[in-house]
Amino acid sequence: MQQRIDRLLERASRRVAQRTSRRGFLGLFGAALTGATLLPLLPVSRGGQALAEPTSPKVPASPTASDDPVSCDYWKYCAIDGFLCACCGGSSSSCPPGTTPSPITWIGTCHNPGDGRDYIVSYNDCCGKTSCGACSCNRNEGEKPMYRLSLNNDANWCMANDNPNYHCSVSVLLGVAGQ
Amino acid sequence: MSTLITAPTSFRILFLILCLQSTEAISLERPESTQPAQNYLLFCAGCHGLTGSGVPNKVPTLTRTLPAFVKSAEGRDFVLRVPGVANSALSDQGVAQVLNWFLASSATSLAEWQPFTAEEVQRARRMPLMSVSQSRRQLINKMELSSEISRDIDY
């Protein structure tokens, strides 16, 4: 009985050895490994997976936008860099007494989340007195480096004033931006 | 004819895709408006002022000099090669439209000047002026413009 089993196993082993090669086995094994690794990368729909994840509340585009002229979050201050004139004896769009607005400035657009429209905004520095020092605000939406000077908020825009001392900055609305 | 994509061809395709992507990114940064008045505000008014009056001895006025300059070939060439035009982020078409809008809005009679074209802008702005003040002085002296313009000679 034992001899019969031995013969049977020997015959089976020899048949396998005759029909397959070690290289063939290694190649097949390698392909299986590679396939298993790449399978998760295939462009299959993962919609189900996304649905299974807990949903987070939708964050608004500008979560802290406000209409407070002494707050740096005021929507029309979207690219201002300096002291807010509203905290320095002026308003969000007018210079404090004793200072003069810069005749040159940089002009961009700010999005008003209140009505969903974009507005053209002129950022003017108020000049002629030393720095106000109150309500420092630095926001840089759309601001560009010095090589695009007309879109740079680090420049002292009081450079064209008779007295180039910088005091504070205002944000003047020029109109609604169209297409 | 082989349908295989050779290596250089595939690189070309990849390069084209990258170029198109970067163009899109740039255009999304600050879209140029179809309205020249808005483009004037966004691209020119920061320095030249809302009305084009400029700043005495700092930024040239447009209201006095532009209508005078555009009447001669030399003047037009100068206008299209100043830093504000040559370095502008506006397209050639955008520059032409802004200039034409500004001139049409000013008191200049349409019969006295030819509107700018995108082709004219493209040709001239490729060669920015290096000595702007000198070129400006030479132009004004040569044109023997009125004393009204002559006081805008130094910038």
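Here the structure is shown first, and the text comes after it.
S.K.: Account for the packing of helix α5 (residues 73-81) of chain B against helix α8 (residues 118-125) of chain B, naming residues and giving values.
M.R.: Residue and element names in this part refer to chain B. It is at 8 Å that the axes of α5 and α8 come closest, and there the two elements cross at 70°. For the element pair α5 / α8, the angle class is roughly perpendicular. Contacts from Arg76, Asp77, Leu80 and Arg81 of α5 reach α8 at Glu120, Val121, Ala124 and Arg125. For the contact of α5 with α8, the residue count by class is three nonpolar, no polar and five charged.

S.K.: I'd like to hear about the side chain of B:Arg76, residue by residue, with values.
M.R.: All names here are of chain B. Mapped onto the elements, Arg76 comes out in helix α5. At a separation of 2.8 Å, a polar atom in the side chain of Arg76 contacts the main-chain carbonyl oxygen of Gln114. Residues within four places of Arg76 in sequence aside, it is in contact with Phe69, Val70, Gln114, Pro115, Phe116 and Glu120.

S.K.: Hey, could you go over the state of the cysteines for me, with residue numbers and the actual values?
M.R.: By definition, a disulfide is the covalent link that joins the sulfur atoms of two cysteine residues. Applying the stated criterion to the full structure yields seven disulfides over all chains. A:Cys88 shares a disulfide with A:Cys132; S-S distance 2.0 Å. For the disulfide bridge between A:Cys88 and A:Cys132, the dihedral angle about the S-S bond is near -90°, and by the sign convention the bridge is left-handed. On the criterion of sequence distance, the pair formed by A:Cys88 in the loop between β1 (81-83) and β2 (100-101) and A:Cys132 in the loop between β4 (117-127) and β5 (136-138) is long-range, its members being 44 residues apart. We classify A:Cys88 as buried; its relative accessible area is 13%. Among the residues examined, A:Cys132 registers a relative accessible area of 23% and is labelled partly exposed. Put simply, A:Cys127 and A:Cys158 are joined by a disulfide, and their sulfur atoms are 2.1 Å apart. Taking the torsion about the S-S bond as the criterion, the A:Cys127 to A:Cys158 disulfide, at about -85°, is left-handed. One end of the pair, A:Cys127, is in strand β4; the other, A:Cys158, is in the loop between β5 and β6 (166-176), and 31 residues separate them in sequence. By relative accessible area, A:Cys127 is classed as buried at 1%. A:Cys158 sits in the buried class, given a relative accessible area of 0%. The thiol of B:Cys44 is unpaired, and the distance to the nearest cysteine sulfur, on B:Cys47, comes to 9.4 Å.

S.K.: Could you give an account of the pairing of β4(A), naming the residues involved and the relevant values?
M.R.: Sheet faces and side chains relate simply in a regular strand, where the side chains alternate between the two faces. Residues and elements named next belong to chain A. Within β4, nine of the 11 residues are buried, which leaves it mostly tucked inside the rest of the structure. Two strands pair when backbone bridges link them, and β2 and β4 are joined in this way by two bridges, in the antiparallel orientation. When the sheet's bridge partners are listed, Pro101 is paired in β4 with Cys126. Where strand β3 (residues 106-112) meets β4, seven bridges bridge the pair, whose relative direction is antiparallel. By the bridge assignment for β4, Cys110 is matched with Tyr119. Once β3 ends, the chain turns through four residues before running back antiparallel as β4, passing Gly116 with a positive phi of about 75°. Bridge count between β4 and β6: nine bridges; the pairing is antiparallel.

S.K.: Could you give an account of the nonpolar core, naming the residues involved and the relevant values?
M.R.: In this structure, B:Tyr40, B:Leu66, B:Leu80, B:Leu99 and B:Phe116 are the most contacted members of the largest nonpolar core, which totals 32 residues. When residues of this core are traced back to their parent elements, those giving at least two are α2 (36-43), α4 (65-69), α5, α7 (92-105), α8 and α9 (132-143) of chain B. A total of six residues in this core trace back to one element, the largest contributor, which is α7(B). Not counting residues up to four positions away in its chain, the partners in contact with B:Leu99 are B:Leu66, B:Val79, B:Leu80 and B:Phe116. In this structure, A:Tyr74, A:Ile104, A:Tyr123 and B:Val59 belong to the second largest nonpolar core, which totals 21 residues.

Cut-offs used in this document
- Residues numbered from 1 in each chain as written.
- Chains lettered and ligands numbered in written order.
- Predicted model: local features only at pLDDT ≥ 70, side-chain atom pairs only at ≥ 80, totals over all residues.
- Heavy atoms only, no water.
- Axes fitted to C-alpha atoms, helices over the stretch in contact; angles between N-to-C directions.
- Helix = DSSP H or I, 4+ residues; strand = E, 2+ residues; numbered from the N terminus.
- Parallel < 35°, antiparallel > 145°, perpendicular 65-115°, else oblique.
- Contact = heavy atoms within 4.5 Å.
- Nonpolar A, V, L, I, M, F, W, Y, C, P; charged D, E, K, R; others polar.
- Polar contact = N/O pair within 3.5 Å; in protein donor to acceptor, adjacent residues only side chain to side chain.
- Disulfide = S-S within 2.5 Å.
- Buried < 20%, exposed > 50% of the residue type's maximum accessible area, 1.4 Å probe, protein only.
- Pairing = 2+ DSSP bridges.
- Core = buried A, V, L, I, M, F, W, Y, C linked by side-chain atoms within 4.5 Å.

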